[in-house]
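# Structural characterization, general
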Amino acid sequence: MSYENIIYEKRGPIAYVVLNRPDKLNALSEDLQLEVQSAMEDAGWLDEEIRVIVLKASGRAFSAGFDITTTNKINAVKRRARFLKGKTFSASAWWDVFWNNPKPIIAQIHGFCIAGGLATANFCDLRICSEDAKFGAPEIRTGGPYIPAVWPWVVGMTKARELLYTGNLIDAAEAKRLDLVNEVVPLEELDAAVERQALTIAKLPAATVEYNKKLINMSYELMGVRQVVERSMELEAIALASTDSSPEIEEFDKIREKDGLKAALSWNADRFAEEDAWFKKSRERG
């Protein structure tokens, strides 16, 4: 398969899947998601020489999230039909692409890793980031319903509530403190750090690593993670089909229709400027 939205390459026992829409901050379009799925299937099931998969990104960010530039052009009924035909993903169905893959997947993160980009990184087995990385779910400030269902398991219930009720971003150091990432390194050392971890894993017997991934996944499924993810798909469908709105969402959509998405995002950012400045200062004070 030829790819237009990703770069797929193999070097020794490592397969690299590179999100390659740098001009869009690697927004996760439907086409990109299908290409990632194809590459993950090849590396995970078809190529026995591959022991580890690395998901990384080109440009200045890992991913700004699911592509919302066409959201208003596809109504909920059509979107649901496309999903059932396998032509698009819900945020929660995207989880299975990573969770069910038999090979360990390392997310190599730099720059913004937010919204659906953060959900995607959370679906990977390990996360290594550079010091410039930023994490969060700012989409909730514009009414986005695509909540990363696994967050309570990753960062704990208390922090999950804070991040999903505020849309605040956190930096790499805070992400490491919360165990959201396994390792933080300078940007210039990121490639080497990820490769070092991948090669260490690749030296283990493949069957052992696959067994351990299934064992860990099973333990979380017994705690209910799969039911939560599947339930979140239902909530997502309800949100997509809902005719309810709010003054904030209506104003955002109005500006977006008149002046474009960038203007709408700027308007929304201005609403939270004072709170974000305070949050940043509080983090700097420790």
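Here the structure is a predicted model, which is why all the values come from computation and not from measurement. (Residues numbered from 1 in each chain as written. Predicted model: local features only at pLDDT ≥ 70, side-chain atom pairs only at ≥ 80, totals over all residues. Heavy atoms only, no water.)

## What about the overall build of the protein?
- Helices and strands together make up the secondary structure of the protein, namely 13 helices and nine strands.
- Considering the protein as a whole, with its 286 residues, one finds that 45% of them fall into the buried category.
- Counting every atom, the protein has about 15,200 Å² of accessible surface; 54% of that belongs to carbon and sulfur. (Helix = DSSP H or I, 4+ residues; strand = E, 2+ residues; numbered from the N terminus. Buried < 20%, exposed > 50% of the residue type's maximum accessible area, 1.4 Å probe, protein only. Areas by Shrake-Rupley, 256 points an atom, 1.4 Å probe, with all protein chains shown as cover.)

## Things to note about the sheet that holds strand β2 (residues 14-19)
- Strand order in the open sheet made by the six strands is β1-β2-β3-β4-β6-β9, with mixed pairing throughout. At either end of the open sheet lies a strand with only one pairing partner, and these are β1 (6-11) and β9 (183-185). Neighbour to neighbour, the strand axes of the sheet diverge by 20° on average, direction disregarded.
- Here three bridges tie strand β6 (residues 126-130) to β9, and the two strands are oriented parallel to one another. Across the sheet, residue S130 finds its bridge partner in β9, namely V185. (Pairing = 2+ DSSP bridges. Axes fitted to C-alpha atoms, helices over the stretch in contact; angles between N-to-C directions.)

## Focus: the pairing of β2
- Burial analysis of β2 places six of its six residues in the buried class, the great majority of the element.
- Because side chains alternate across β2, one face comprises the buried residues I14, Y16 and V18, and the other comprises A15, V17 and L19, equally buried.
- The hairpin formed by β1 and β2 contains two residues between the paired strands, and G12 there has a positive phi angle of roughly 65°.
- In terms of strand pairing, β2 meets strand β3 (residues 52-57) through six bridges, oriented parallel. Bridging from a neighbouring strand, Y16 pairs with V54 of β3.
- As for the winding sense of the linkage, the β-α-β connection from β2 through helix α1 (residues 30-46) to β3 is right-handed. (Right-handed = clockwise from strand over helix to strand, strands pointing away.)

## Here we look at a nonpolar patch on the surface
- A contiguous nonpolar patch, built from Y211, L215, M218 and L222 and spanning about 460 Å² of accessible area, is present on the exposed surface.
- Along the chain, Y211 falls in helix α9 (residues 206-222).
- For Y211, a relative accessible area of 53% gives the class exposed. (Patch = residues over 30% accessible without salt bridge, like charges linked within 9 Å, V, L, I, M, F, W, Y side chains within 5 Å. Salt bridge = Lys/Arg side-chain N within 4 Å of Asp/Glu carboxyl O.)

## A closer look at the sheet that holds strand β8 (residues 169-171)
- The three strands are arranged β5-β7-β8 in an open sheet whose pairing can be described as mixed. Each end of this open sheet is capped by a strand with a single partner; those strands are β5 (112-114) and β8. Adjacent strand axes in the sheet meet at a mean angle of 20°, parallel and antiparallel pairs treated alike.
- Pairing between strand β7 (residues 134-136) and β8: three bridges, direction antiparallel. Considered in β8, the bridge of K134 is made with D171.

## Remarks on helix α8 (residues 190-202)
- A rise of 1.5 Å per residue sets the reference length of α8, with its 13 residues, at 18 Å; its end C-alpha atoms lie 18 Å apart and thus fit the reference within 8%.
- Among all positions in α8, only L190, A193, V194, A198, I201 and A202 are buried.
- Elements that come into contact with the buried residues of α8 comprise β2, β3, β4 (105-109), β6, β9 and α9. (Expected span 1.5 Å × (residues − 1). Contact = heavy atoms within 4.5 Å.)

## Looking at the side chain of N101
- Take N101: it is sitting in the loop between α3 (93-99) and β4.
- At 2.9 Å, the side chain of N101 and the backbone oxygen of M40 are in polar contact.
- A distance of 3.0 Å separates a polar side-chain atom of N101 from the backbone nitrogen of K103.
- Non-local contacts of N101, meaning those with residues more than four positions away in its chain, are made with M40, G44, W45, I53, D96 and K213. (Polar contact = N/O pair within 3.5 Å; in protein donor to acceptor, adjacent residues only side chain to side chain.)

## Topic: a negative patch on the surface
- Judged by side-chain charge, E131, D132, E188 and E189 come together as a negatively charged surface patch.
- Tracing the backbone through its elements, the reader meets D132 in the loop between β6 and β7.
- Residue classification places D132 among the partly exposed residues on the basis of a relative accessible area of 34%. (Lys, Arg positive; Asp, Glu negative; His and termini not counted. Charge placed at Lys NZ, Arg CZ, Asp CG, Glu CD.)

## Re the environment of R256
- Position of R256 among the secondary structure elements: in helix α11 (residues 247-259).
- Measuring from C-alpha to C-alpha, the distance between R256 and T69 comes to 9.9 Å, with 187 residues separating the pair along the chain.

## Concerning unusual backbone geometry
- Positive phi values are uncommon outside glycine, yet L25 reaches one of about 55°.
- As for its placement among the helices and strands, L25 is situated in the loop between β2 and α1.
- For A115, which is not a glycine, the phi torsion comes out positive at approximately 55°.
- Turning to its location among the elements, A115 is positioned in the loop between β5 and α4 (116-123).
- For A115, a relative accessible area of 9% gives the class buried.

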